[in-house]
Amino acid sequence: PDVFNSKSLALQAQKKILSKMASKAMATLLVDDTSSEIFDELYKVSREHTRSKKEAHKIMKDLIKVAVKIGVLYRHQRFDAAELRTVDRLRKKLNQTAMTAVSFYEVEYTFDRAVLSALLLECKALVHELAARHLTPRSHGRIGRVFDHFADVDFLSALYRRDGDCRPSLKRICEGLSKLLDERVL
């Protein structure tokens, strides 16, 4: 039968438009100031680590696209009961990851790249699970690229190096994460 669903069509159009507009300017409209500051610092450390402005830009663009698409799906109540349980698990895992990242920064000699990498990879698995029936294989590729980059143990080691170039950015990232934790955003 010929079934037309305008809500579904509108959601598809919104996801398509958002995927085309994932830029720093668009991110500022859809992402709060604290998250935007964290994203800016993540871009800086990614650029430093990859030694490529283009690659760092692509990673951040992919991060924004994935976050916005999942946000749109959530706001439009597209997740079923099982997926909503996954949302809850993802929130808890993101909270744990943020608290761990901040703790590793604040408490000297506690940084363990394997622990932080494992937490990020667990987040990646939950995002894949959440997006399984909603996003395209291309979006799943973005999810993989983003989490694989940030969970890379060499990247994490460079980021947390006490005398490294990334230390000022890590300080600002952790200040932002602390603020989001305090405001119960994470």
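Residues numbered from 1 in each chain as written. Predicted model: local features only at pLDDT ≥ 70, side-chain atom pairs only at ≥ 80, totals over all residues. Heavy atoms only, no water.

1. Concerning unusual backbone geometry
And step 1. Of note in this structure, Gln 77 is not a glycine but carries a positive phi near 50°.
And step 2. Tracing the backbone shows Gln 77 in the loop between helix 4 (53–75) and helix 5 (81–106).
And step 3. A positive phi angle, near 65°, is found at Tyr 109, a position not held by glycine.
And step 4. Summarising the element assignment, Tyr 109 is placed in the loop between helix 5 and helix 6 (113–131). (Helix = DSSP H or I, 4+ residues; strand = E, 2+ residues; numbered from the N terminus.)

2. Let's talk about the packing of aromatic side chains
And step 1. Enumeration over the complete set of coordinates arrives at 4 aromatic pairs.
And step 2. Here the aromatic rings of Phe 104 and Phe 111 are separated by 5.8 Å at their centres, their planes lie at 90°, and the arrangement is edge-to-face.
And step 3. A relative accessible area of 13% means that Phe 104 is categorised as buried.
And step 4. Centre to centre, the rings of Phe 111 and Tyr 160 are 4.4 Å apart; their planes meet at 10°, and the pair counts as stacked. Residue Phe 111 is found in the loop between helix 5 and helix 6, and its partner Tyr 160 is found in helix 8 (residues 153–160); the two are separated by 49 residues along the sequence.
And step 5. On the accessibility criterion, Phe 111 (27% relative accessible area) is partly exposed.
And step 6. Residue Tyr 160 is classed as buried on the basis of its relative accessible area, which comes to 6%.
And step 7. Three or more aromatic residues joined by ring pairs make a cluster, and in this case those are Phe 104, Phe 111 and Tyr 160.
And step 8. The aromatic ring of Tyr 109 is capped on one face by Arg 162, whose charged end is 5.9 Å from the ring centroid. (Phe/Tyr/Trp six-rings, centres within 6.5 Å; stacked < 30°, edge-to-face > 60°. Buried < 20%, exposed > 50% of the residue type's maximum accessible area, 1.4 Å probe, protein only. Lys NZ or Arg CZ within 6 Å of the ring centre and 35° of its normal.)

3. Examining the packing of helix 3 (residues 33–50) against helix 9 (residues 167–182)
And step 1. For the pair helix 3 and helix 9, interaxial distance at closest approach is 9 Å and the crossing angle is 155°. By the angle between their axes, helix 3 is roughly antiparallel relative to helix 9. Where helix 3 crosses over helix 9, the two elements pack in a sense that is left-handed. Facing helix 3, whose interface residues are Thr 34, Ser 35, Ile 38, Glu 41, Leu 42, Lys 44 and Val 45, helix 9 presents Ser 169, Arg 172, Ile 173, Gly 176, Leu 177, Lys 179 and Leu 180.
And step 2. Looking at the contact of helix 3 with helix 9 residue by residue, the class counts come to 6 nonpolar, 4 polar and 4 charged. (Axes fitted to C-alpha atoms, helices over the stretch in contact; angles between N-to-C directions. Parallel < 35°, antiparallel > 145°, perpendicular 65-115°, else oblique. Left-handed = near helix turned anticlockwise from the far one by under 90°. Contact = heavy atoms within 4.5 Å. Nonpolar A, V, L, I, M, F, W, Y, C, P; charged D, E, K, R; others polar.)

4. Some points on a positive patch on the surface
And step 1. Together, Lys 54, Lys 58, Lys 61 and Arg 138 make up a region of like positive charge exposed at the surface.
And step 2. A total of 3 residues in the positive patch trace back to one element, the largest contributor, which is helix 4.
And step 3. Within the fold, Lys 58 resides in helix 4. (Patch = residues over 30% accessible without salt bridge, like charges linked within 9 Å, V, L, I, M, F, W, Y side chains within 5 Å. Areas by Shrake-Rupley, 256 points an atom, 1.4 Å probe, with all protein chains shown as cover. Salt bridge = Lys/Arg side-chain N within 4 Å of Asp/Glu carboxyl O. Lys, Arg positive; Asp, Glu negative; His and termini not counted. Charge placed at Lys NZ, Arg CZ, Asp CG, Glu CD.)

5. Concerning the environment of Val 153
And step 1. Its location among the elements puts Val 153 in helix 8.
And step 2. Sequence-distant contacts of Val 153, that is, excluding residues within four places in its chain, are made with Arg 113 and Ser 117.

6. What about the nonpolar core?
And step 1. Counting 32 residues, the largest nonpolar core has Leu 42 and Phe 150 as its most contacted members.
And step 2. Looking at this core element by element, the count peaks at 7 residues for helix 4.
And step 3. The contact partners of Leu 42, leaving out residues within four places of it in the chain, are Met 60, Phe 150 and Ile 173.
And step 4. Val 66, Leu 73, Val 87 and Ala 131 belong to the second largest nonpolar core, which has 14 residues in total. (Core = buried A, V, L, I, M, F, W, Y, C linked by side-chain atoms within 4.5 Å.)

7. Notes on the environment of Thr 50
And step 1. Following the sequence through the fold, Thr 50 ends up in helix 3.
And step 2. On the basis of relative accessible area, Thr 50 is assigned to the partly exposed category, the value being 26%.
And step 3. In this structure, the C-alpha to C-alpha distance between Thr 50 and His 149, residues 99 residues apart in sequence, is 9.5 Å.
And step 4. Leaving out residues up to four positions away in the same chain, Thr 50 has contacts with Glu 55, Ala 56, Ile 59 and His 149.

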